[in-house]
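# Remarks on the overall topology
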Amino acid sequence: MSLDVVQLPLGPIETNCYLVRLPSAPEAVVVDPSGPATEIRLELAGRGAHCVGILVTHGHWDHLGGIADLAEGTGAPVHMAETERELLERAVDFTPPGMYVRPYAPDVLLAGDETLDLAGIAFETIPVPGHSPGHVAFAADGALFSGDVLFAGSVGRTDLPGASWETLAASIAVLLDRLPAETVVYPGHGPATTLGQELETNPFLAELRAARS
């Protein structure tokens, strides 16, 4: 059964937050609560759903804005890579001037390659370092929540601390090898796409494309 996915661009740089559930189900999972928890909860309530789990792709500040308030307000456990936890627990130390993210301690620490059963959905965690060292993606029912690894027509930045183009390219190759071409990619910024579309047309994947031709 295909997922019901709602994209909410939230926060100061419109980072995508996703509300994910089975069609018409009362329970939902929130991926990367990037903006006000009130806005997320109102959107869920308007759709007859409530949050039972929070998934975090990585610890960059623009993906974390609503986590503390959403977790406290709903009781939903926060799932995050263990190697990125400090970025949330000490968020004030990693947030640009003029921005504020409430620190929070994640409830479930991930290493990658786990399966998380939330809201009746089996989410597979896939380690995809390169944009950040502990970045993970979440795959479920033909959907991939890729965070800042892969975008429509672009890829994640590799000029940040702990980032590496070679590592990022290898992570994208893992996604292409592991998941079907028709997998819908829901990125951290911008519109949805598919893995097949990006392999065919994304200018940053030219070397990967050539290696598969």
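Quantities reported herein were computed from a predicted structural model and do not represent experimental measurements.

Below, the discussion takes up helix H4 (residues 165-178). For an α-helix, 3.6 residues make a turn, and residues three or four places apart therefore share a direction. The end-to-end C-alpha distance of H4, which contains 14 residues, comes to 20 Å, matching closely the 20 Å that a straight helix rising 1.5 Å per residue would cover. Along H4, the residues classified as buried are Leu168, Ala169, Ser171, Ile172, Ala173, Leu175 and Leu176. The inward-facing, buried residues of H4 abut strand S8 (121-127), strand S10 (143-147), strand S11 (150-151), strand S12 (154-155), helix H5 (195-201) and helix H6 (206-211). Where H4 starts, the residue carrying a side-chain oxygen 3.4 Å from the main-chain nitrogen of glutamate 166 turns out to be serine 164.

Within the open sheet, the six strands sit side by side as S1-S2-S3-S4-S5-S6. Their pairing is mixed. Among the strands making up the open sheet, the edge pair consists of strand S1 (4-10) and strand S6 (108-110). Across the sheet, the mean angle separating the axes of adjacent strands is 25 degrees when strand polarity is ignored. Sheet topology note: the strand S5 (residues 78-81)/S6 ladder contains three bridges and is parallel. Bridging across to S6, methionine 80 finds its partner in leucine 109. Packing against the sheet, helix H2 (residues 67-74) makes contact with strand S3 (27-31), strand S4 (50-55) and S5, and its axis sits at approximately 135 degrees to S4.

For the structure on display, the rule yields three aromatic pairs. Consider the rings of tyrosine 18 and tyrosine 186, whose centres lie 5.5 Å apart with planes at 65 degrees: the pair is edge-to-face. Of this pair, tyrosine 18 sits in strand S2 (residues 15-21) while tyrosine 186 sits in strand S13 (residues 184-187); the two residues are 168 residues apart in sequence, bridging distant segments of the chain. By the burial criterion, tyrosine 18 is buried, and tyrosine 186 matches it. Note on phenylalanine 145 and tyrosine 186: the rings are 5.3 Å apart at their centroids and 20 degrees apart in plane angle, and the pair reads as stacked. Within this pair, whereas phenylalanine 145 is found in strand S10, its partner tyrosine 186 is found in strand S13, the two being separated by 41 residues in sequence. According to the relative accessible area criterion, tyrosine 186 is buried, its value standing at 17%. An aromatic cluster of three or more residues is present, and its members are Tyr18, Phe145 and Tyr186.

About the cut-offs
- Residues numbered from 1 in each chain as written.
- Predicted model: local features only at pLDDT ≥ 70, side-chain atom pairs only at ≥ 80, totals over all residues.
- Heavy atoms only, no water.
- Helix = DSSP H or I, 4+ residues; strand = E, 2+ residues; numbered from the N terminus.
- Expected span 1.5 Å × (residues − 1).
- Buried < 20%, exposed > 50% of the residue type's maximum accessible area, 1.4 Å probe, protein only.
- Contact = heavy atoms within 4.5 Å.
- Polar contact = N/O pair within 3.5 Å; in protein donor to acceptor, adjacent residues only side chain to side chain.
- Pairing = 2+ DSSP bridges.
- Axes fitted to C-alpha atoms, helices over the stretch in contact; angles between N-to-C directions.
- Phe/Tyr/Trp six-rings, centres within 6.5 Å; stacked < 30°, edge-to-face > 60°.

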